[in-house]
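# Observations on the model geometry
Residues per chain, in single letters:
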Amino acid sequence: QVQLVESGGGLVQAGGSLRLSCAASLPSGRTFSSYSMGWFRQAPGNEREFVAAITWNGGTTTYADSVKGRFTISRDNAKNTVYLQMNSLKAEDTAVYYCAAALGWIKTREHEYGYWGQGTQVTVSS
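Quick summary incoming for the structure in this document. (Residues numbered from 1 in each chain as written. Predicted model: local features only at pLDDT ≥ 70, side-chain atom pairs only at ≥ 80, totals over all residues. Heavy atoms only, no water.)

## Quick look at the side chain of Glu6
- Summarising the element assignment, Glu6 is placed in strand 1 (residues 3-7).
- The buried charged residue Glu6 lacks any salt bridge, with Arg48 as its nearest oppositely charged partner at 7.3 Å.
- Of the polar contacts made by the side chain of Glu6, one reaches the backbone nitrogen of Gln118; its length is 3.0 Å.
- Within the local environment of Glu6, its side chain forms a polar contact with the backbone nitrogen of Gly119, the two atoms lying 2.9 Å apart.
- Glu6 has contacts with Ser21, Cys22, Trp39, Tyr97, Tyr98, Cys99, Gly117, Gln118, Gly119 and Thr120, leaving out every residue within four places of it along the chain. (Helix = DSSP H or I, 4+ residues; strand = E, 2+ residues; numbered from the N terminus. Buried < 20%, exposed > 50% of the residue type's maximum accessible area, 1.4 Å probe, protein only. Lys, Arg positive; Asp, Glu negative; His and termini not counted. Salt bridge = Lys/Arg side-chain N within 4 Å of Asp/Glu carboxyl O. Polar contact = N/O pair within 3.5 Å; in protein donor to acceptor, adjacent residues only side chain to side chain. Contact = heavy atoms within 4.5 Å.)

Take a look at the structure:
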């Protein structure tokens, strides 16, 4: 079973930055590079939405339009960790942020991911 643990959330002023991390624990025989990784977020009263995703080797990334140019997803396969660098944060970025893992190619839809972390809260004050 893949276990994902997010960290790095917190309270930040609008215009500020945060870097989220997601560390993966993997079952025997699996390597982190077997998985494409994604970040999603859920604001109060809203459905969970896609934020960013990255292929197994980091060679391809994709972003939601709302975060393009401000957020950067990256990964370190040697550390079994994926990151989300968030710059120029806005109040509307306030949400619980989740990382997710899926075998195979890059994915952008929630139901395509089989493994999820517990989430980390990001609050942006205006």
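## Re the pattern of salt bridges
- Applying the stated criterion across every chain yields a total of 6 salt bridges.
- Where Arg41 meets Asp93, a salt bridge forms, and the shortest distance between an N and an O atom there is 2.9 Å. Placement of Arg41 in strand 4 (residues 35-42) and of Asp93 in the loop between strand 8 (81-86) and strand 9 (95-103) is noted, with a sequence separation of 52 residues between them.
- The exposure class assigned to Arg41 is buried, which follows from its relative accessible area of 6%.
- Of the charged contacts, one joins Asp65 and Lys68 as a salt bridge, the two residues approaching to 3.0 Å between their closest N and O atoms.
- With a relative accessible area of 67%, Asp65 lands in the exposed category.
- For Lys68, a relative accessible area of 49% puts it in the partly exposed group.

## Quick word on the nonpolar core
- By size, the foremost hydrophobic cluster in this structure holds 37 residues, and its most contacted members are Met37, Trp39, Leu84, Met86 and Tyr97.
- Taken together, the elements giving at least two residues each to this core come down to strand 3 (18-25), strand 4, strand 5 (49-54), strand 7 (71-76), strand 8, strand 9 and strand 11 (120-125).
- Residue contributions to this core peak at 6 residues, all from strand 9.
- Setting aside anything within four residues of it in sequence, one finds Leu84 in contact with Leu18, Arg19, Leu20, Trp39, Val51, Ala52, Phe71, Thr72, Ile73 and Tyr97. (Core = buried A, V, L, I, M, F, W, Y, C linked by side-chain atoms within 4.5 Å.)

## Overview of the environment of Cys22
- Tracing the backbone through its elements, the reader meets Cys22 in strand 3.
- Note: C-alpha distance between Cys22 and Trp39 (17 residues apart in sequence) is 9.3 Å.
- Sequence-distant contacts of Cys22, defined by excluding residues within four places in its chain, comprise Leu4, Val5, Glu6, Met37, Trp39, Asn80, Thr81, Val82 and Cys99.

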